[in-house]
Amino acid sequence: MTLRDRHLERLRTETFDTLIIGGGINGAVAAASLAGRGAQVAVVDRGDFAHFTSQASSNLVWGGFKYLENYELPLVWKLCRSRNHLMKAYPDNIKQIGFYATLDETSPYKPWFAGLGSLAYWIIGMFATRRPRVLSTEHIEREEPAIDTSNALGGIEYYDGILVDNDARFVFSFVRAAIDAGATAANYVEMVSAERAGGQWTVTLRDVDTGETFATTARTIVNAAGPFVDGVNQQWGLTTDHRIVYSKGIHLVVPRLTTTEHHKVLAFFDDSQRLFYVIPMGRRSVIGTTDTRVDTPFTEVTDDDIAFLLGQINARMDLAAPLTRADIIAERCGVRPLVVKRRSGDHSDVDWTKLSRKHAIESDRSRCVVTVFGGKLTDCINVGEEVAAEIEALGVPLEPDLHNWYGEPAAATRDEFYRQARLMQLDRYRTKADTEPLTDRLWRRYGRRAFAMLEAIREDPRMAEDIMGSADYLRVELHAAARTEMVTRLEDFMRRRSKIDLVVHDDDIRNSTGLAEVAEILFGTDAERRLGEYFGGVDDIPPAVRAELGLAGAG
Ligand SMILES: Cc1cc2nc3c(=O)[nH]c(=O)nc-3n(C[C@H](O)[C@H](O)[C@H](O)COP(=O)(O)OP(=O)(O)OC[C@H]3O[C@@H](n4cnc5c(N)ncnc54)[C@H](O)[C@@H]3O)c2cc1C
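Residues numbered from 1 in each chain as written. Predicted model: local features only at pLDDT ≥ 70, side-chain atom pairs only at ≥ 80, totals over all residues. Heavy atoms only, no water.

J.: Mind showing me how you'd approach the site of the ligand here?
T.: Of all residues adjacent to the ligand, which total 36 residues, the nearest are Asp-45, Thr-53, Ser-54, Leu-60 and Gly-375. Asn-26 is positioned such that a nitrogen or oxygen atom in its side chain is 2.9 Å from an oxygen atom of the ligand. Take Ser-54: an N or O atom from its side chain is 2.5 Å from an oxygen atom of the ligand. Here the ligand loses 98% of its free accessible area of 1,000 Å² to cover by the protein chains. Among the secondary structure elements, those contributing two or more residues to the shell around the ligand are α2 (25–36), β8 (189–197), β11 (242–255) and β16 (330–341). The element best represented in the shell around the ligand is β16, accounting for 4 residues. Within the shell around the ligand, the residues separate by chemical class into 15 nonpolar, 16 polar and 5 charged. (Near = heavy atom within 4 Å. Polar contact = N/O pair within 3.5 Å; in protein donor to acceptor, adjacent residues only side chain to side chain. Areas by Shrake-Rupley, 256 points an atom, 1.4 Å probe, with all protein chains shown as cover. Helix = DSSP H or I, 4+ residues; strand = E, 2+ residues; numbered from the N terminus. Nonpolar A, V, L, I, M, F, W, Y, C, P; charged D, E, K, R; others polar.)

Set out below in structure tokens:
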């Protein structure tokens, strides 16, 4: 029986203190904080965990330097505190990174003024990062020759945090923490309807993978449906003071644009005087983001979006050849769920980028529903704590918050892992020179679960081999993913537990040796079906993969 099957069985048979609808960052932290404090919790998502907004972020953990432009000082202060807290709790997963902003004649601020802003940001951020600096044009030319300085007046450098892996994996780490604390979690399970009677909710759920519907019961509900919270509340006849409006943002993943030694985020003002970024992602750069008002959460990257971002980059960077559509390796697109007061009109006359990015949490005491509106990855610990406080106020008894439901294991545990890895010379198994040491990688991605990986490699060194030529994943990681990461479809692994789909060209994936073995480890006898689902049909499985699977029709 798979992990998901076991959890589906629990959904069918148990009654929960709280059922959480939505497994993006807000639902995931709610599950981790409630389960970590002793509640009987279930969390479901109609897609994979983090498959919607939470996989489309900029991967930044930041205090919101750009919100200083709107003088949102309390928000910046709060976000800086959240950033500091998160960076302290996740020292290996969130790293400090420099933001290298170049300013020219068309920028809204002169370098000296931006320098004052960065100093204020550093002070508001309680000096938790490296000190900001003002950059001359010569500095910029010397330190990052890829920036076109022909119109530059200078720049600034300030610091924030970046998720080393990706947002979706970070979200999953909270789902995993919730499971470790006894929570029930299932992806591809949709909340179809819910009714409250006799002091509890009876919720009809649908297994999206099989089409089966079944009921579960819970005393309270957390609506963490992100851009869909209003629709879900409406379905239950619930009225709220807040509602969501949408701002679309896109990123494009392209080959690395900066020099290797310069591991920084480049920041520029675009033609509409909004900040946009070139963000490092391993051997790639991620360019973005846009901020466009839209009326639906379902969006896609348009030709205009691409033309806009490529144009902005080519105008501000001195690349060997201009960036073109052919350079795009992957696209990311999502809507920021922004919170507004329901009675405050339709906001059609408001500058969209100036709408606040705060979250709001509302509780309906008679129906026992807590709704999370908006939010940021950066603020996730606060969301977890605030949701738990609301659920406690609804009568679910919780253990005291010892703040141990989040964060990486203690330094002593880390030291022991590094000691064991050193003794068995784990890093000698690394085959690609331009990748990080395996010890760092395994510890960051798996924490305590990485001890079992060392054991498996000691027993069978083949477990330390790269499983796919084009990606940085060991065989042992796949076995762990199959057992513990609730990978239901191949895309869950390729796009969210790992970031292979984001950083490897489609063609390289299609021709990659090892993909069939990946599918076999993850899905056993179901490998062919899952590969077919991933490639858009069993007949579309590439010949190289078919050959590896031993299927007819292999090229
Ligand atoms: C372009 C962009 C860049 C961003 N950059 C950053 C950044 O760098 N740093 C930062 O801190 N924040 C950033 N954000 C903000 C952050 O990503 C979002 O605020 C956050 O991910 C929202 O999470 P969520 O859990 O509310 O929503 P989601 O991640 O959308 O999760 C909601 C989930 O609910 C599920 N759901 C809905 N209805 C049902 C149902 N009936 N049954 C079951 N499941 C259901 C959906 O499937 C979905 O997975 C960015 C956002 C965008 C769009």
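J.: Got a minute to help me understand the pattern of salt bridges in this structure?
T.: Side chains that carry opposite charge are capable of pairing whenever their charged atoms lie near each other. Summed over the entire model, instances satisfying the criterion amount to 47 salt bridges. With its nearest N and O atoms 2.7 Å apart, the salt bridge here joins Arg-445 to Glu-477. Of this pair, Arg-445 sits in helix α11 (residues 438–446) while Glu-477 sits in helix α13 (residues 475–484), and the two are 32 residues apart along the sequence. Across the pair, exposure class does not vary: Arg-445 and Glu-477 are buried alike. Shared partners join several salt bridges into a network, and the residues in it are Asp-165, Glu-436, Arg-441, Arg-444, Arg-445 and Glu-477. (Salt bridge = Lys/Arg side-chain N within 4 Å of Asp/Glu carboxyl O. Buried < 20%, exposed > 50% of the residue type's maximum accessible area, 1.4 Å probe, protein only.)

J.: So what exactly am I meant to see when it comes to the side chain of Thr-217 here?
T.: With respect to the helices and strands, the residue Thr-217 is situated in strand β10 (residues 213–223). At 2.8 Å, the side chain of Thr-217 forms a polar contact with the side chain of Thr-15. Those residues in contact with Thr-217 that lie beyond four places of it in its chain are Glu-14, Thr-15, Phe-16, Gln-200, Trp-201 and Thr-202. (Contact = heavy atoms within 4.5 Å.)

J.: Explain unusual backbone geometry here, please?
T.: Glycine aside, the phi torsion of most residues is negative, and most peptide linkages are trans. The linkage connecting Gly-288 with the following residue, Thr-289, adopts the cis geometry, with an omega of 0 degrees. On the secondary structure map, Thr-289 appears in the loop between β14 (284–288) and β15 (292–294). The phi dihedral of Asn-59 falls on the positive side, at around 65 degrees, and the residue is not glycine. In this fold, Asn-59 is placed in the loop between β2 (41–44) and β3 (60–61). A relative accessible area of 6% means that Asn-59 is categorised as buried.

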